[in-house]
Amino acid sequence: MSINLDLTTLIMALPEQAQRTVLYGLVGSLNARVIGSCARIVQYVEREGSDVSTEIVNGFAKTAEDARLRADLGTGHDTWLELLDTVALRDNLHALLASVVNDDEVLPYSGTLAFMTSGEARVPNKEQLDALVAALATPGLTAEVVTTVYKAEVARQRAEMAAKSHSIMDVLTALPYPEDYDEETDYFCRLPHLTQLAITNKALDALNKARNNVVVGMLQRRSSANIGDIPLINAAMGEVDVALRNADSGLDNTTAQQIAEQQVAEHKKAVRRSAAAKKAAATRKLTRCKTGETATVPA
């Protein structure tokens, strides 16, 4: 099952600030996903008694063969091909982000890897900890104990990844594109369902953050905040919500198509309303109180 969502079209229909927020969220998340896969390749190669340099020279033959065999045994998909499609999706979205922010060096893999191997562990909130402790129902097990154990495990994982960071980056920089790579291909639709689901939920989180940014900006009277951006963001969130609901409940094709068409129509209306509002606000009239002089200036 594939989630019916065109990420690039969805993003490009957003206001510029929202585009930035969503692209930052998606590219950062995909960076971490790719790095995690590369770390597993390093572990696999070392476990097999080989080394990263040899695996790279051999075109990742061992990695690709192991992934194919695991898929044949019933895991459902080839994790090697999934990684290549994920890299292609990430690079396409990264190029889009670079053009939006005018910075080719934005969100590099190396920066994400540095973040993943340093800093404090993000501890679950009190409600989550209390619920976990209650579910385990183990004498002497408190939220404080769980927090201590969790922090220690995160520190161990980060130290292990940091020790292999050079090998991880070697693997990452040597990863090929899919054999049929094309910048116009929608690699999101080629990913496994659960991976699509995770990316879609990340997009929804980023859209929610973008809308919150507008609200906060309006309250703080920032010049960059535009209340007209909210309908556009809401329309995009509606499209993502339909895609997720369809993925969860399996709406019949006719219903799913009707809902999708309705959401697209609403999105187009929001785009037109936003364009009209911007055109109307292209100039504004200023009046000097003491002399009554007026001037028309760009908004």
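Read on for an overview of the structure.

Calculation rules
Residues numbered from 1 in each chain as written. Predicted model: local features only at pLDDT ≥ 70, side-chain atom pairs only at ≥ 80, totals over all residues. Heavy atoms only, no water. Salt bridge = Lys/Arg side-chain N within 4 Å of Asp/Glu carboxyl O. Helix = DSSP H or I, 4+ residues; strand = E, 2+ residues; numbered from the N terminus. Buried < 20%, exposed > 50% of the residue type's maximum accessible area, 1.4 Å probe, protein only. Phe/Tyr/Trp six-rings, centres within 6.5 Å; stacked < 30°, edge-to-face > 60°. Lys NZ or Arg CZ within 6 Å of the ring centre and 35° of its normal.

Let us look at the pattern of salt bridges. Tallying each qualifying case throughout the model produces 12 salt bridges. The shortest N-O distance in the salt bridge between Asp66 and Arg70 comes to 2.9 Å. Here Asp66 pairs with Arg70, and both are found in helix H4 (residues 61-75), just 4 residues apart, close to one helical turn. With a relative accessible area of 46%, Arg70 lands in the partly exposed category. One salt bridge connects Asp241 with Arg245, and the closest N-O pair in it is separated by 3.1 Å. One end of the pair is Asp241 and the other is Arg245, both in helix H11 (residues 229-249) and 4 residues apart, which spans about a single turn. Among the charged side chains, a salt-bridge network with shared partners connects Glu65, Arg68 and Asp72.

Here the structure, examined in full by the defined rule, presents 3 aromatic pairs. Seen in terms of ring centroids, Phe60 and Trp80 are 5.2 Å apart; in terms of plane orientation they differ by 35°. Their pairing is tilted. A residue pair is termed long-range when its members are at least 10 positions apart, and Phe60 in the loop between helix H3 (52-57) and H4 and Trp80 in helix H5 (residues 79-101) qualify at 20 residues. Looking at Phe60, the relative accessible area reads 2%, which means it is buried. Judged by relative accessible area, which is 9%, Trp80 ranks as buried. Ring plane angle 10° and centroid distance 4.0 Å describe the contact between Tyr177 and Tyr181, whose orientation is recorded as stacked. Using a relative accessible area of 37% as the deciding quantity, one classes Tyr177 as partly exposed. Taken together, the ring pairs connect Tyr177, Tyr181 and Tyr187 into an aromatic cluster. A cation over a ring is seen here: Arg90 above Tyr109, with NZ or CZ 3.9 Å from the ring centre.

Remember, this is a structural readout, not a statement about activity or role.
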